Amino acid sequence: MIELAGAVGGDVSLLVFLAIGVLGGAHCLGMCGPLVTLYADRLGAAESSRGDGGTTRVRPVDVRQHLLFNAGRTLSYATIGALMGALGALLFDVAAVAALATDVRAVTGVLAGGVIVATGAGYLLRGTARGHSLPLVGGAFSRVYGAVTARVDEWVRGPRIVALGAIHGLLPCPLLYPAFLYAFAVGSPTRGALSLAVLGAGTVPTLLAYGTVFQSLGTDTRVGLHRALGVAFVALGYLPLAHGLGLLGVHLPHPSIPVYQPLG
């Protein structure tokens, strides 16, 4: 446990993931906000329907249910992060057998880092994300979101609200995809799971506050947070980019990042 805590504290990338999660809460409100509002309303309706002697009594919002919802999201992110890290590890192991490990890791780092940096630059320039218009997933988003909303009434009161949160890992998200790409570039299931869990945990305070207290976020505030998020993404993407360039002989100053070492 002490060793893990030391690794977390000394890993710059995990601190960046935490910053992305905290700042990314503004983006999550754009994607998850309608669903959070929906289940919060259903939760309130379920509470208000309970009364004594026919008198309607509105109870405080059940914070436990909101925490379960966000726990489902975070577990989903961590699971997909682990899978992406495992895919990266498999690629690097295959490359090692073919004596191409260094070249493959270099190209992967440059490409993944470049995409993440470009994503961050987009946030900086636009002050917002492009929404859900990601290739090949627009229709999938509509189907998954429809399935989620259809089950809100059935799942909102019990432990199955965790599933409502978990489904969010499958929704197209310009906040998550660069993070998954980073997990792939690092090539470690453990590191992928930990990084995405940190990101998911970072978004919890914003969505919890939104679901229990607030119902909106000002445009100026959202734009400012998105631009700060852009800075964090540029910093995150710079890590694998600089590492990949270093393997190609172009050395840029950067902190070390824990990467998977292929077999052999």
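Just above, that's the structure.
The structure presented is a predicted model; accordingly, all values stated were derived computationally and were not measured.

## Observations regarding the side chain of Ser 195
(1) Moving on: Along the chain, Ser 195 turns up in helix α9 (residues 189–212).
(2) Moving on: A distance of 2.8 Å separates a polar side-chain atom of Ser 195 from the backbone oxygen of Arg 191.
(3) Moving on: Ser 195 has contacts with Leu 14 and Phe 17, leaving out every residue within four places of it along the chain.

## Some details on the packing of helix α3 (residues 63–97) against helix α4 (residues 101–126)
(1) Moving on: Interaxial distance between α3 and α4 falls to 7 Å at its minimum, and their mutual angle equals 145°. In this structure, α3 uses Leu 91, Phe 92, Ala 95 and Ala 96 to contact α4, whose residues at the interface are Ala 101, Val 104, Arg 105 and Thr 108.
(2) Moving on: A breakdown of the residues in the contact of α3 with α4 according to their chemical character gives six nonpolar, one polar and one charged.

## Examining the packing of aromatic side chains
(1) Moving on: In this structure the tally under the stated criterion is three aromatic pairs.
(2) Moving on: Taking 5.3 Å as the distance between ring centres and 75° as the angle between the ring planes, the aromatic pair formed by Phe 17 and Tyr 182 counts as edge-to-face. Residue Phe 17 is located in helix α2 (residues 12–48), and its partner Tyr 182 is located in helix α8 (residues 176–186); the two are separated by 165 residues in the primary sequence.
(3) Moving on: Geometrically, the ring pair formed by Tyr 123 and Phe 233 is stacked, given 5.7 Å between the ring centres and 20° between the ring planes. Pair noted here: Tyr 123 is in helix α4 and Phe 233 is in helix α10 (residues 219–247), with a separation of 110 residues, a long-range link.
(4) Moving on: A relative accessible area of 1% means that Tyr 123 is categorised as buried.
(5) Moving on: Classification of Phe 233 by relative accessible area gives buried; the value is 0%.

What counts as what
Residues numbered from 1 in each chain as written. Predicted model: local features only at pLDDT ≥ 70, side-chain atom pairs only at ≥ 80, totals over all residues. Heavy atoms only, no water. Helix = DSSP H or I, 4+ residues; strand = E, 2+ residues; numbered from the N terminus. Polar contact = N/O pair within 3.5 Å; in protein donor to acceptor, adjacent residues only side chain to side chain. Contact = heavy atoms within 4.5 Å. Axes fitted to C-alpha atoms, helices over the stretch in contact; angles between N-to-C directions. Nonpolar A, V, L, I, M, F, W, Y, C, P; charged D, E, K, R; others polar. Phe/Tyr/Trp six-rings, centres within 6.5 Å; stacked < 30°, edge-to-face > 60°. Buried < 20%, exposed > 50% of the residue type's maximum accessible area, 1.4 Å probe, protein only.

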